[in-house]
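Summary of the model geometry
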Amino acid sequence: VQLQASGGGLVQAGGSLRLSCAASGRTFSQYGVGWFRQAPGKERQFVAAIRRNDGSTYYADSVKGRFTISRDNAEFPVYLQMNSLKPEDTAVYYCAATNAYYGGNYYYPHGYDYWGQGTLVTVSS
């Protein structure tokens, strides 16, 4: 499975961006898709995840109410709509996919089997 994240860019605080995670290869067995971010000098941080077959969603507290993860009919691409962006949202954003069904795994990088390259999001104040 190959994942590709896109949609990053430079935006002012309060603005919006939509990230996309596209996939190729044998995608039918990946139950969960997540977004993580990593700012310079910091650890990779969970942002949001979705279980593809039933649409269950999971969010980090820091993005609840501002970010929305979604997918089209249980398939890729998976989107991350980011609204009311803050300078502290600045990071490289990665999408990842997991064969795990249990949502408790979705919060941690080690719960994922496949990773895409990152897309840079920069929020200016």
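A brief structural summary. (Residues numbered from 1 in each chain as written. Predicted model: local features only at pLDDT ≥ 70, side-chain atom pairs only at ≥ 80, totals over all residues. Heavy atoms only, no water.)

The next thing to look at is the pattern of salt bridges. Summed over the entire model, instances satisfying the criterion amount to four salt bridges. A salt bridge links Asp-89 to Arg-37; its shortest N-O distance comes to 2.8 Å. Taken together, the residues span a long stretch of sequence, with Asp-89 in the loop between strand 8 (75-82) and strand 9 (91-98) and Arg-37 in strand 4 (residues 32-38) at a distance of 52 residues. With its nearest N and O atoms 3.2 Å apart, the salt bridge here joins Asp-61 to Lys-64. As far as the burial class goes, Asp-61 and Lys-64 line up, both exposed. (Salt bridge = Lys/Arg side-chain N within 4 Å of Asp/Glu carboxyl O. Helix = DSSP H or I, 4+ residues; strand = E, 2+ residues; numbered from the N terminus. Buried < 20%, exposed > 50% of the residue type's maximum accessible area, 1.4 Å probe, protein only.)

The subject of this paragraph is the state of the cysteines. Scanning all chains against the criterion turns up one disulfide. Each sulfur in the disulfide pair Cys-21 and Cys-95 lies 2.2 Å from the other. In this structure the cystine formed by Cys-21 and Cys-95 twists about its S-S bond by roughly 70°; its chirality is therefore right-handed. With Cys-21 in strand 3 (residues 17-24) and Cys-95 in strand 9, this residue pair connects regions lying 74 residues apart in the sequence. Residue Cys-21 is classed as buried on the basis of its relative accessible area, which comes to 0%. (Disulfide = S-S within 2.5 Å.)

Turning to the sheet that holds strand 7 (residues 67-72), a few remarks are in order. Ordered in space as 1-3-8-7, the four strands form an open sheet in which the pairing is antiparallel. Two strands bound the open sheet, and with one partner strand each, they are strand 1 (2-6) and strand 7. If you compare each strand with its neighbour and ignore which way they point, the axes differ by 15° on average. When strand 1 meets strand 3, the two strands line up antiparallel, connected through five bridges. Within strand 3, the position partnered with Leu-3 by the bridge is Ala-23. (Pairing = 2+ DSSP bridges. Axes fitted to C-alpha atoms, helices over the stretch in contact; angles between N-to-C directions.)

Let us look at the packing of aromatic side chains. Per the counting criterion, the structure on display carries 10 aromatic pairs. Considering the side-chain rings of Phe-36 and Trp-115, the 5.2 Å spacing of their centres and the 55° angle between planes classify their relative orientation as tilted. Of this pair, Phe-36 sits in strand 4 while Trp-115 is found in strand 10 (residues 114-115), placing the two residues 79 residues apart along the sequence. On the basis of relative accessible area, Phe-36 is assigned to the buried category, the value being 0%. (Phe/Tyr/Trp six-rings, centres within 6.5 Å; stacked < 30°, edge-to-face > 60°.)

Glancing now at the environment of Tyr-112. Assignment of secondary structure puts Tyr-112 in the loop between strand 9 and strand 10. Along the primary structure Tyr-112 and Thr-98 are separated by 14 residues, whereas in three dimensions their C-alpha atoms are 4.4 Å apart. Those residues in contact with Tyr-112, other than ones at most four positions away along the chain, are Gly-32, Val-33, Gly-34, Phe-36, Phe-46, Ala-49, Ala-96, Ala-97, Thr-98, Asn-105 and Tyr-106. Within the structure, Tyr-112 has its side chain in polar contact with the backbone oxygen of Tyr-106 (distance 2.7 Å). (Contact = heavy atoms within 4.5 Å. Polar contact = N/O pair within 3.5 Å; in protein donor to acceptor, adjacent residues only side chain to side chain.)

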